[in-house]
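Fold and geometry: a report
One letter stands for each residue in the lines below.
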Amino acid sequence: MAPSLRGCPIVGFYNEANQDYEEHNKQINISNGKWELTDSTVPYGFVDLNANIWFATYIDDEENEREYLCTEGYIWDHAFPEAKRIITKGNNHSMELDEDTCDAFWTRDDIGRPQFFIINEAFFSKLCILGENNEPCFEGSQITKFSLVIDENFQ
């Protein structure tokens, strides 16, 4: 899965009224009596084809240690001023997996309710910027600025 991060778009749906991102937004378009579900997120950046990918351990909720897959990406904050909040504040984060390559299943409890989603193999199709009030795909998962050199000439 990890190598499929390279080349992924970083998408989001920014709500002007709330001054925050939302989630994996979709919309229903109806034309000539037919409906179509379309993605309403837009690209705010990308993961470079030569980006570093690594695992890092973080402490969530000041007690739970979790290991996360991490990568580097570019955010187009010059083209999209609302994206500056990602760099200055950080945002929750989620991911979208390519359905055609996804080998996964839900584990279930004794009465058949879904518990955990086990992913054996999949390709990432998008990384998604989430708002403060939207739960990330993995607890504590965020897009943040970390110790990196910002290339002021890259736009």
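Treat the numbers as computed from the prediction; the structure is a model and nothing was measured. (Residues numbered from 1 in each chain as written. Predicted model: local features only at pLDDT ≥ 70, side-chain atom pairs only at ≥ 80, totals over all residues. Heavy atoms only, no water.)

What follows concerns the overall build of the chain. On a plain count of helices and strands, the chain comes out with one helix and 14 strands. Considered along the principal axes of its C-alpha atoms, the chain spans approximately 55 × 50 × 30 Å. When contacts within the chain are restricted to residue pairs at least 6 apart in sequence, long-range pairs at least 24 apart make up 65% of them. For the chain, the distance from the average position of its 11 positive side-chain charges to the average position of its 29 negative side-chain charges is 4 Å. (Helix = DSSP H or I, 4+ residues; strand = E, 2+ residues; numbered from the N terminus. Contact = heavy atoms within 4.5 Å. Lys, Arg positive; Asp, Glu negative; His and termini not counted. Charge placed at Lys NZ, Arg CZ, Asp CG, Glu CD.)

If charged atoms from side chains of opposite charge come close, those side chains can pair. For the structure on display, the rule yields six salt bridges. Arg113 is the partner of Asp109 in a salt bridge, and the nearest nitrogen-oxygen pair spans 2.8 Å. Among the charged side chains, a network of salt bridges with common partners joins Asp20, Arg85, Lys89 and Glu132. (Salt bridge = Lys/Arg side-chain N within 4 Å of Asp/Glu carboxyl O.)

So, about the nonpolar core. Residues Ile10, Tyr21, Ile86, Leu127 and Ile129 are the most contacted members of the largest nonpolar core, which totals 16 residues. Those residues in contact with Ile129 that lie beyond four places of it in its chain are Ile10, Val11, Gly12, Tyr21, Glu22, Tyr44, Ile86, Asn91, Asn92 and Ile143. (Core = buried A, V, L, I, M, F, W, Y, C linked by side-chain atoms within 4.5 Å. Buried < 20%, exposed > 50% of the residue type's maximum accessible area, 1.4 Å probe, protein only.)

Pairing of strand S11 (residues 103-108) with strand S12 (residues 114-121) involves five bridges; the strand directions are antiparallel. From the neighbouring strand, Asp103 faces S12, where its bridge partner is Glu121. (Pairing = 2+ DSSP bridges.)

Turning our attention to the side chain of Ser94. The topology assignment puts Ser94 in strand S10 (residues 91-97). A polar atom in the side chain of Ser94 sits 3.0 Å from the side chain of His24. (Polar contact = N/O pair within 3.5 Å; in protein donor to acceptor, adjacent residues only side chain to side chain.)

Note that strand S7 (residues 53-60) and strand S8 (residues 64-71) share eight bridges and pair antiparallel. Each residue of the ladder has a partner; that of Phe55, found in S8, is Leu69. Hairpin connection from S7 to S8: three residues lie between these consecutive antiparallel strands, with Asp61 at a positive phi of about 55°.

What follows is about the packing of aromatic side chains. Enumeration according to the criterion identifies six aromatic pairs in this entry. Residues Phe46 and Tyr74 carry aromatic rings whose centres are separated by 5.2 Å and whose planes lie at 25° to one another, so their mutual orientation is stacked. Taken as a pair, Phe46 in strand S6 (residues 42-46) and Tyr74 in strand S9 (residues 74-75) lie far apart in primary sequence, 28 residues in all. By the ring-pair criterion, three or more aromatic residues cluster together here, those being Tyr14, Tyr21, Tyr44 and Phe80. (Phe/Tyr/Trp six-rings, centres within 6.5 Å; stacked < 30°, edge-to-face > 60°.)

With that out of the way, let us pick up the sheet that holds S6. On the basis of which strands lie adjacent, the open sheet formed by six strands has the order S9-S6-S1-S13-S10-S14 and mixed pairing. If you trace the sheet from one side to the other, it starts and ends with S9 and strand S14 (142-143), each paired once. Sheet analysis places S10 next to strand S13 (residues 124-130), joined by six bridges and oriented antiparallel. Residue pairing for S13: Leu97 is matched across the bridge by Phe124.

Bringing the confidence of the model for the chain into the picture now. Close inspection of predicted coordinates is inappropriate for parts of the model with low pLDDT. Averaged over all residues, the pLDDT of the chain is 83; the fraction at 70 or higher stands at 91%. Confidence, read as mean pLDDT per element, is least for S14 in the chain (74) and greatest for strand S1 (residues 9-12) (93). (pLDDT = per-residue confidence, 0-100.)

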